[in-house]
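Below, each chain spelled out in residue letters.
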Amino acid sequence: MGACLFRSISYAAERQLMNSAVADNADLQRMETIAHGIRKRVLSHVLSNNGGYMSQACSAAELLAALYGGVLKLGPVESPIDPPQFMGVPKIGEHTYQTGAQFHGPKGANFDRLIVSPAHYALVVYAALIETGRLREDGLEYFNRDGSTVEMIGAEHSPGFETTTGSLAQALSQAGGIALARKLRGEEGRTWVFMSDGEFQEGQTWEALSAASFHNLSSLRIIVDVNQAQCDGPMETVMAIEPLAERVRSFGWDVSVVDGHSLSEIIAASQSDTAKPHAILCYTDPVRGLPILAERAPTLHYLRFTSTAERAKYEDAYKEMVQ
Amino acid sequence: MSYEIVTRPHQQNFIDWAKDKPEVLVLSADLTNSCEVGKWRDTYPTRFFSMGMAEQNMMGFAAGLAREGFEPWLHTFSVFLYRRPLDQLQMSIAYPALKVRLVGFLPGIMTPGGVTHQAIEDIAILRTIPNMTILEVGDATEAQSVLDVAHAVDGPVYIRMLRGEVSRIFPVDEPFKLNTARILSTGNDLTLITSGIATEEALRAVPLLQGNGLGITHLHISTHKPFDDPKILAALRSAKHGVITMENHSVIGGLGSAVAEVMAENSISAPLSRIGLQDTYAHGASQKFLMSEYGLDAKALVERVERILGKKLGIQESDLAEQRSINVHSSAKVEAL
Ligand SMILES: Cc1ncc(C[n+]2csc(CCOP(=O)(O)OP(=O)(O)O)c2C)c(N)n1
Ligand SMILES: [Mg+2]
């Protein structure tokens, strides 16, 4: 069961021939290590917290490993940053509020920006930041802790976040504004938005797609974890969004459809230089790397163990992961 | 004080209640299990409609169904019922005064989901909308008996709902009554008016305050709109030293404001002190932490009383009845929100 519940991936016809020569083997190996580290860290966290957004790590590990592992041209972070304490909400006249963008390094005209949209992926994003030396090694120990910015649902003060998007499908419009501002300033860097597929059910996503192509925001990139899953179960049983590539393309975007677990495909798609805004749809498997998760189908969105026996199985899977 | 804990009060109750009401439908925006209606869907699959994560559109579908004589019960987290789809709620549902029921979960700062999941101004916003009826449940008895109340209203109803592990404070045979305050105690020194989970919290401190010789009239409010139960006016008139409101909501526009309006319009000059979020957003943390940080707990109530009386009562935090520990990982919820 499980994986086969998720539509036998229909993107084969869409898939473009990828030139894997663009990334060398060392890059790929490094990214693979990051992806593995993300799954491991998230599973370890879920085990110690009896719960968490596990399937999002399974589906998006390679996507985030590729982004943070080299696809994005981010400013450097000298050494892993401490998880900051929450210092209060933004207030008029007080300019002490710091966003989580600092974890993406200094901003610059030639640097890329990454806006994280699905805020419930925070755990996975934090794990990626740790794996790439941007967040302190013990950062997940502050996850969902009182007074910490390492919130369960990321907000703009949380590591890796710079917009508040836990009410989903609001990031792309804001990134559109950022990309427009950067275009007005003549900046070279690209503005990326990491999205989940559930966000393509909200009308605002489609309004943003229209506006981005209408205003020729060719430096805008979205990369989507198309895990074909959401809270209630497989998306096609909740509210179908396919054919996604065709629909996004018809809104004036260039669209690449890739195997979201193939680092070389993600890298190749990320290098395309287009005259239009560009969407990379990463079709993924919500149980990749943790096949026992499929036993919980059809609802994979949040993992909480229902028995000690189940928990033991995940402990075994973890042991296998760290071998 | 320890109460019976009811697990998932809405889940089976709503199934049983809807059995002989074929006009009752459920629309859901991808939070079906989180809102305790997964089993309802499986019981009445032909009356359940998955609308996906698309709340604005869900409002419109609800309006159309209601115009055709159905009674849609929308289930999602509160924030997703009135923030993004406010225009649709107003123009498609409230203006034509349609019988749509909005069942909103995670009121106020009960969730570690942070600012995007915390409905801290829902009552304020919805109170300004003509034709709206606004109900809030304070315990399991109300969560279960609110269904009849909402069903009987000829117009749109918003329910500020509780889920998961919920205390039973009020006897089962004392159900929710529309526009009817519950009198929890009487006394002439102070009038305390609370709603939602603030009532359970206030009850940790009230006996100690009374032990200090204070006479307290304590009202529990479960109907925010309409707000003209004569018991409220009488309680406000009787307060010798002052009136305190306590709500899991911003002090602007909610219970505290409604009480202020009644006092002003009736020339009641007792000082009013409003406990609630003081015009601020919050952040993601445990309920207990946030209630303490923002001064919404029993300790904050004692301090308010001391401020009004202008003297210390010598009540220590350790004297207060133990706060119910809220397990964020409770198996009574499908996630830790
Ligand atoms: C506007 C809005 N509506 C509802 C929610 C509640 N919610 C949180 S995650 C989620 C599922 C969205 O789909 P997706 O991100 O694809 O889920 P996943 O793949 O992580 O299971 C929903 C409905 C939300 N955060 N924002
Ligand atoms: Mg998804």
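Reading the values: rules and limits
- Here the residue numbers are simple positions, counted from 1 along each chain's written sequence.
- Starting at A for chains and at 1 for ligands, labels are handed out in the order in which the entities are written.
- Restriction of local features to residues with pLDDT of at least 70 applies here, the model being predicted, together with a cutoff of 80 or more for giving and counting side-chain atom pairs; totals for whole chains, interfaces and linings are based on all residues.
- Side-chain figures throughout are based on the complete set of non-hydrogen atoms in the structure, without hydrogens or water.
- Counting from the N terminus, the helices are the DSSP runs of H or I reaching at least four residues and the strands are the DSSP runs of E reaching at least two.
- A radius of gyration in this sense is built from C-alpha atoms; the matching globule rule multiplies 2.2 Å by the number of residues raised to 0.38.
- To sort residues, take the accessible area from a 1.4 Å probe on protein chains only and compare it with the maximum for the residue type: under 20% means buried, over 50% means exposed, and anything in between is partly exposed.
- We call two residues contacting when some pair of their heavy atoms lies within 4.5 Å.
- Here the accessible surface of atoms and residues is derived via Shrake-Rupley with a 1.4 Å probe, and residues count as covered only by protein chains that are part of the display.
- Positive charges come from Lys and Arg, negative ones from Asp and Glu, while His and the chain ends are left out of the count.
- Note on charges: their place is set at NZ of Lys, CZ of Arg, CG of Asp or CD of Glu.
- Near residues are defined by distance, with any heavy atom within 4 Å of the molecule or strand qualifying the residue.
- Definition of a polar contact: a pair of N or O atoms within 3.5 Å, with one able to donate and the other able to accept a hydrogen when the atoms are protein atoms, and with sequence-neighbouring residues admitted only if both atoms are side-chain atoms.
- Ten residues, namely Ala, Val, Leu, Ile, Met, Phe, Trp, Tyr, Cys and Pro, are considered nonpolar, four, namely Asp, Glu, Lys and Arg, are considered charged, and the remaining ones, Gly among them, are considered polar.
- Think of a salt bridge as a Lys or Arg side-chain nitrogen and an Asp or Glu carboxyl oxygen that are within 4 Å of each other.
- Note that the domain bounds reflect an automated or database-derived domain assignment.
- When two parts are put together, the accessible area they lose, computed with a 1.4 Å probe and summed over both, is reported as buried area.
- Donor atoms (N, O, S) are those found within 2.8 Å of the metal centre, with the cutoff raised to 3.2 Å for Na, K and Ca; water is not part of the atom list, so apparent gaps in a site can occur.
- Pairing between strands is defined by DSSP: at least two bridges between them are needed.
- Note on method: axes are straight lines fitted to C-alpha atoms, helices fitted across the in-contact stretch only, with angles between N-to-C directions ranging 0 to 180 degrees.
- Residue count minus one, scaled by 1.5 Å, sets the expected span of a helix.
- Working definition for bend: take the seven residues up to and ending at a residue and the seven starting at it, fit an axis to each, and measure the angle between the axes.
- The definition of a nonpolar core used throughout is a set of buried Ala, Val, Leu, Ile, Met, Phe, Trp, Tyr and Cys residues joined through side-chain atoms within 4.5 Å.

Caption draft 1: Fine view of the overall build of chain A. Scanning chain A from N- to C-terminus turns up 9 helices and 7 strands. On C-alpha atoms alone, chain A measures out to a radius of gyration of 19 Å, which is about the 20 Å that the 2.2 N^0.38 rule sets for 323 residues. With the principal axes as the frame, chain A shows a C-alpha extent of 55 × 50 × 40 Å. The buried share of chain A, taken over its 323 residues, is 59%. Relative to all contacts within chain A whose residues are 6 or more apart in sequence, the contacts with residues 24 or more apart total 77%. Approximately 12,700 Å² of chain A is accessible, and the part contributed by carbon and sulfur atoms is 51%. Distance between charge centroids for chain A: 2 Å, based on 27 positive and 38 negative side chains.

Caption draft 2: The site of ligand 1, seen in detail. The environment of ligand 1 is made up of 21 residues, and the closest members are Gln56, Ser196, Asn227 and His301 of chain A together with Glu55 of chain B. Looking at the residues close to ligand 1, they fall on chains A and B. A distance of 3.1 Å separates a nitrogen atom of ligand 1 from a polar backbone atom of Leu168 of chain A. Between ligand 1 and Asn227 of chain A there is a distance of 2.7 Å, counted from an oxygen atom to a side-chain nitrogen or oxygen. Relative to its unbound accessible area of 580 Å², ligand 1 is 98% covered by the protein chains. Of the residues contributing to the shell around ligand 1, the split by class is 7 nonpolar, 9 polar and 5 charged.

Caption draft 3: Here's a closer look at the side chain of Glu151 of chain A. With respect to the helices and strands, the residue Glu151 of chain A is situated in the loop between helix H3 (122–131) and helix H4 (171–184). Of the buried charged residues, Glu151 of chain A lacks a salt bridge, with Arg83 of chain B as the closest side chain of opposite charge at 12 Å. In this structure the side chain of Glu151 of chain A is engaged in a polar contact, spanning 2.8 Å, whose partner is the side chain of His157 of chain A. In terms of polar contacts, Glu151 of chain A uses its side chain to reach the backbone amide nitrogen of Gly284 of chain B, at 3.1 Å. Apart from the residues lying within four places of it in its own chain, the contact partners of Glu151 of chain A are Ala122, Tyr126, Phe143, Asn144, His157 and Ser158 of chain A together with Gly114, His283 and Gly284 of chain B.

Caption draft 4: Focus on the domain arrangement of chain B. Residue and element names in this part refer to chain B. Under the domain assignment, chain B is made up of domain 1 (4–168) and domain 2 (182–333). With centres defined by C-alpha atoms, the gap from domain 1 to domain 2 works out at 26 Å. At the junction of the two partners, domain 1 supplies 37 residues and domain 2 supplies 38 residues. The junction of domain 1 with domain 2 conceals about 2,900 Å² of combined surface from both sides, 53% of it contributed by carbon and sulfur atoms. Along the contact surface separating domain 1 from domain 2 lie 2 salt bridges.

Caption draft 5: Spotlight on the coordination of the magnesium ion (ligand 2). All names here are of chain A. Around the magnesium ion (ligand 2), the protein supplies Asp197 (OD), Asn227 (OD1) and Ala229 (O) as donor atoms, at distances of 2.1 to 2.2 Å. Linear spacing of the donor residues for the magnesium ion (ligand 2) on their chain is D-x29-N-x1-A. Here the residue Asp197 occupies a position in the loop between strand S2 (191–196) and helix H5 (203–214), and Ala229 occupies one in strand S4 (residues 229–230), the gap between them amounting to 32 residues. With respect to class, Asp197 is no different from Ala229; both count as buried.

Caption draft 6: Representation of the interface of chain B and chain A within the structure. If you look at the interface, chain B gives 36 residues, while chain A gives 33 residues. Viewed at the interface, chain A and chain B are joined by 1 salt bridge. For the salt bridge of Arg84 of chain B with Glu202 of chain A, the shortest nitrogen-to-oxygen distance reads 3.8 Å. Applying the counting criterion to the chain B and chain A interface returns 16 residue pairs in polar contact (both at pLDDT 80 or more).

Caption draft 7: Structural detail: the side chain of Arg168 of chain B. Residue and element names in this part refer to chain B. Along the polypeptide, Arg168 turns up in strand S8 (residues 165–168). Taking the relative accessible area as the measure of exposure, Arg168 reaches 16% and is therefore buried. For Arg168, the side chain forms a polar contact with the side chain of Thr141, separated by 2.7 Å. At a separation of 3.3 Å, a polar atom in the side chain of Arg168 contacts the side chain of Gln144.

Caption draft 8: Representation of unusual backbone geometry. With omega at 10°, the peptide bond leading from Ala297 of chain A into Pro298 of chain A counts as cis. Looking at where Pro298 of chain A falls in the secondary structure, it is placed in the loop between strand S7 (278–283) and helix H9 (308–322). Phi at Asn144 of chain A is positive, roughly 55°, even though this residue is not glycine. A positive phi angle, near 65°, is found at Leu106 of chain B, a position not held by glycine. Structurally, Leu106 of chain B can be placed in the loop between strand S5 (101–105) and helix H6 (122–127). Assessed through its relative accessible area of 6%, Leu106 of chain B is described here as buried.

Caption draft 9: The sheet that holds strand S11 (residues 216–221) of chain B, seen in detail. Residues and elements named next belong to chain B. The strand order across the open sheet formed by 5 strands is S9-S11-S10-S13-S14, and the pairing between neighbours is mixed. A single partner strand is all that each edge strand has here, and the edge strands are strand S9 (182–185) and strand S14 (272–277). Here the average twist between neighbouring strands, direction ignored, is 20°. Summarising the sheet, strand S10 (residues 190–195) and S11 pair through 6 bridges and their orientation is parallel. By the bridge assignment, Ile193 is partnered in S11 with Leu219.

Caption draft 10: Expanded view of the environment of Phe77 of chain B. All names here are of chain B. Note on placement: Phe77 falls in strand S4 (residues 71–77). Phe77 gets classed as buried once you look at its relative accessible area, which sits at 1%. Along the backbone, Phe77 and Arg160 are 83 residues apart, and their C-alpha atoms lie at a distance of 9.4 Å. Setting aside anything within four residues of it in sequence, one finds Phe77 in contact with Leu31, Ser34, Cys35, Gly104, Phe105, Leu106, His117, Arg163, Glu335 and Leu337.

Caption draft 11: A look at helix H2 (residues 55–71) of chain A. All names here are of chain A. For H2, which comprises 17 residues, the first-to-last C-alpha distance of 23 Å matches the rise-based estimate of 24 Å (1.5 Å per residue) to within 8%. Where H2 bends most, at Ala61, the angle is about 55°. For H2, the buried fraction is high: 16 of the 17 residues fall into the buried class.

Caption draft 12: Here's a closer look at the nonpolar core. Judged by nonpolar contacts, the single largest core of 160 residues is most densely connected at Ile38, Met54 and Leu64 of chain A together with Trp40 and Ile159 of chain B. In terms of residue count, H2 of chain A provides more of this core than any other element does, 11 residues in total. Composition of this core by domain shows at least three residues from each of domain 1 (4–168) and domain 2 (182–333) of chain B. Sequence-distant contacts of Trp40 of chain B, that is, excluding residues within four places in its chain, are made with Phe14, Ile15, Ala18, Val24, Leu25, Val26, Arg47 and Phe48 of chain B. Judged by nonpolar contacts, the second largest core, of 29 residues, contains Met235, Ile241, Leu244 and Tyr283 of chain A.

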